[in-house]
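Now for the letters of each chain:
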Amino acid sequence: MTFRVLLAGVAFWPALLFARELPRPPLVIRSVTVIDVAHGERLGLRTVSIIAGRIAAIEEPAKAAPPPGAVELDGRDLFLIPGLVDMHVHLFNNSSHRPPNEWAFPLFLDRGITGVREMATRPEQLATVAGWRQAVERGELLAPRILAAGVPVDADTTAAAQRQVRTARARGADFIKIFSQVSPAAWRAILDAVRAAGLPVCGHVPVKVGLLEAARAGQRSDEHLTQVYEACAPQERQLLAARSDLASAEAVRLRDQQERAVLDSFSPKLCARIAAQLAATRQVQVPTLVLPHAEAATPRRDFREDRRWSSLRSDEQARWVRILEEPTEDRALAAKRWEVSQRIVRLLHAAKVPILAGTDAPMPLVYPGSSLLEELELLGGCGFTPAEALRAATLGPAEFLGLADETGTVAVGQRADLLLLAADPLKRIENLRQLRAVVLAGRLLPAN
């Protein structure tokens, strides 16, 4: 069976989202150009054999012999890369209590996202995550793998933090999530509790805590550049002091009121020094650039004209309408935020601060799946080479999550979560849009 014959006339994922177990015969991709994401190189033409969801062999085409019963694909003129990972998504609607965002699963796969990091899972929802993982592995659910799920913790005392962390760990949490409103005392108590539990802390740097303090204390990731803006402003100490005696909600409101002054006082020289110090801590930044870019680039009155609008579930459309039609838009502030965000990421990257690709989907204007491709292109605009941008959504996430032995590269023994592209992503990161097929746990899914 050839690649082109296999793809002809296939109806795809929405009809197959939940299915009886899908077959997983051995799969052989012949004469495909394999991309080595670790080194940013092309390995040349190889024949890749996949058995039971794992890469069994990568050989020169003339030497390869297909296993019995294999489906064979002609990979000539195609490029094989690892599946992409979105390092910041939300699959649960904990504030509105709506059903989980299972509607987004085919949208992720449709753009080659085979793995996600779920950022706000309640302990009782971890059983749902486990069910999704098992169903994907069995081929009963077409969805990206949930590579990590984090449980938010906000405790006022060390004892309460320890209880919440113990519960999260017992239910199967992969990390503890911090939000901006967490007080410094609670944040320190959470850090102490997770050290004992052996879980990482990720999320927002709290609104009353400095960026470098959080990184040096062991918070492993910072999302959305929280507190990076302040760290790149000369008056960071005064900004934090003004928030220190306020209740959490009031401190967050003051942070928002201070934003214009923070952005206007951005100092590239100071930011470069901060970036160098941040790099030494190895804290990872997940800047979610697609969000400030969308806020600056998309007039909110026009959001329904996006061709992707119909892909949202009706209750998600209603949420977006409610938020986007609020008369609070400040176009000048959004433009300034986007300008400073780019400058910060460029300086962080130059200092070799680890940066991974995430989107915050489905925040308004951030579409699951396609937004990660936008994120990688925006990283390219901040000085990332195509190879560096590709690593930010493949090997980088795998290394950060401790999964590099099983995913993140095209190598023997790795899980077969792979993409076939019609154009070389090392030439242009935009070539990720030339998706021809997804291999999910060894199962071939032709692209739309």
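Refer to the structure above for everything that follows.
Read on for a plain summary of the structure. All figures in this text were calculated on a predicted structure; none of them were measured in a lab. (Residues numbered from 1 in each chain as written. Predicted model: local features only at pLDDT ≥ 70, side-chain atom pairs only at ≥ 80, totals over all residues. Heavy atoms only, no water.)

**Observations concerning the nonpolar core**
Move 1: Core analysis: the biggest nonpolar cluster contains 116 residues, and Leu84 and Ile344 have the highest contact counts within it.
Move 2: Looking at this core element by element, the count peaks at eight residues for helix α5 (residues 184-197).
Move 3: Counting 17 residues, the second-largest nonpolar core is a separate cluster that includes Val34, Ile50, Val410 and Leu418. (Core = buried A, V, L, I, M, F, W, Y, C linked by side-chain atoms within 4.5 Å. Buried < 20%, exposed > 50% of the residue type's maximum accessible area, 1.4 Å probe, protein only. Helix = DSSP H or I, 4+ residues; strand = E, 2+ residues; numbered from the N terminus.)

**Remarks on the state of the cysteines**
Move 1: A complete count under the given rule lists one disulfide for this structure.
Move 2: One disulfide bridge connects Cys232 with Cys271, the sulfur atoms lying 2.1 Å from each other. Residues Cys232 and Cys271 share a disulfide whose torsion about the S-S bond is about 50°; that sign makes it right-handed. Separated by 39 residues along the polypeptide, Cys232 in the loop between α7 (228-231) and α8 (236-243) and Cys271 in helix α10 (residues 268-281) bring together distant segments of the chain. The residues Cys232 and Cys271 share a single accessibility class, namely buried. (Disulfide = S-S within 2.5 Å.)

**Some words on the pattern of salt bridges**
Move 1: Going through the model one piece at a time under the given rule, you end up with 30 salt bridges.
Move 2: A salt bridge links Asp306 to Arg308, with the nearest nitrogen and oxygen atoms 2.8 Å apart.
Move 3: For Arg343, the salt bridge goes to Glu339, with nearest N and O atoms at 3.4 Å. Here Arg343 and its partner Glu339 are both found in helix α13 (residues 331-350), four residues apart, which amounts to about one turn of the helix.
Move 4: Residue class for Arg343 comes out partly exposed when judged on its relative accessible area of 36%.
Move 5: Among the ionic contacts, a cluster of salt bridges with common partners joins Arg24, Glu137, Arg145, Glu406, Arg415 and Asp417. (Salt bridge = Lys/Arg side-chain N within 4 Å of Asp/Glu carboxyl O.)

**Considerations on the side chain of Thr409**
Move 1: On the secondary structure map, Thr409 appears in the loop between α16 (395-400) and β13 (418-421).
Move 2: In terms of polar contacts, Thr409 uses its side chain to reach the side chain of Gln414, at 3.1 Å.
Move 3: Other than its neighbours up to four places away in sequence, Thr409 contacts Val37, Pro82, Leu395 and Gln414. (Polar contact = N/O pair within 3.5 Å; in protein donor to acceptor, adjacent residues only side chain to side chain. Contact = heavy atoms within 4.5 Å.)

**Let's talk about unusual backbone geometry**
Move 1: The peptide bond linking Ala361 to Pro362 adopts the cis configuration, its omega dihedral lying at 0°.
Move 2: Secondary-structure assignment places Pro362 in the loop between α13 and α14 (370-381).
Move 3: For Leu225, which is not a glycine, the phi torsion comes out positive at approximately 60°.
Move 4: Mapped onto the elements of the fold, Leu225 is located in the loop between β11 (221-223) and α7.

**Let's talk about the packing of helix α4 (residues 158-171) against α5**
Move 1: Contact geometry for α4 and α5: axes closest at 8 Å, N-to-C directions at 40°. Here α5 runs oblique to α4, going by the angle between their axes. The two elements α4 and α5 cross, and the hand of that crossing is right-handed. Where α4 abuts α5, its residues Thr158, Ala161, Gln162, Val165 and Arg169 lie against Ala189, Ile190, Ala193, Val194, Ala196 and Ala197. (Axes fitted to C-alpha atoms, helices over the stretch in contact; angles between N-to-C directions. Parallel < 35°, antiparallel > 145°, perpendicular 65-115°, else oblique. Left-handed = near helix turned anticlockwise from the far one by under 90°.)

**Regarding α5**
Move 1: With 14 residues, α5 extends 20 Å from end C-alpha to end C-alpha; this agrees with the ideal 20 Å at 1.5 Å per step.
Move 2: Residues of α5 that are buried: Pro184, Ala186, Trp187, Ala189, Ile190, Leu191, Ala193, Val194 and Ala197.
Move 3: Packed against the buried residues of α5 are α4, β9 (175-178), β10 (201-203) and α6 (211-217).
Move 4: A positive backbone phi angle near 75° is found at Gly198, which sits one or two residues after α5. (Expected span 1.5 Å × (residues − 1).)

**Details of the environment of Arg133**
Move 1: Inspection of the secondary structure assignment puts Arg133 in helix α3 (residues 126-138).
Move 2: Through-space distance from the C-alpha of Arg133 to that of Arg145 is 6.1 Å; in sequence the pair is 12 residues apart.
Move 3: The residues touching Arg133, leaving out its near neighbours within four places in the chain, are Ile146, Leu147, Ala148, Ala149 and Asp174.

**Considering the layout of surface pockets**
Unfilled space is identified by rolling a water-sized probe across the atoms.
Move 1: Considering only enclosed or pocket space, the second largest pocket measures out at about 560 Å³ in volume.
Move 2: What lines the second largest pocket is a set of 22 residues, among which Arg282, Val353, Pro354, Ile355 and Leu356 lie closest to the centre.
Move 3: Looking at the lining of the second largest pocket, the elements with two or more residues in it are α15 (386-391) and α16.
Move 4: Residue contributions to the lining of the second largest pocket peak at four residues, all from α16.
Move 5: Residues belonging to the lining of the second largest pocket are distributed by class as follows: 10 nonpolar, six polar and six charged. (1 Å grid on protein atoms, 1.4 Å probe; cavity = no way out; pocket = protein on both sides within 12 Å on 5 of 7 lines; lining within 4 Å. Points joined across faces, edges and corners; volume = space filled by probe spheres on them. Nonpolar A, V, L, I, M, F, W, Y, C, P; charged D, E, K, R; others polar.)

**Details of the packing of aromatic side chains**
Move 1: Under the defined criterion, the tally for this structure stands at five aromatic pairs.
Move 2: Ring geometry for Phe303 versus Trp309: centroids 5.4 Å apart, planes at 65°, classification edge-to-face.
Move 3: Residue Trp309 is classed as buried on the basis of its relative accessible area, which comes to 12%.
Move 4: Ring geometry for Trp320 versus Tyr367: centroids 4.9 Å apart, planes at 65°, classification edge-to-face. Residue Trp320 is located in helix α12 (residues 314-324), and its partner Tyr367 is located in the loop between α13 and α14; the two are separated by 47 residues in the primary sequence.
Move 5: On the accessibility criterion, Tyr367 (3% relative accessible area) is buried.
Move 6: A cation sits over an aromatic face here: Arg220 above Phe400, 4.3 Å from the ring centre. (Phe/Tyr/Trp six-rings, centres within 6.5 Å; stacked < 30°, edge-to-face > 60°. Lys NZ or Arg CZ within 6 Å of the ring centre and 35° of its normal.)

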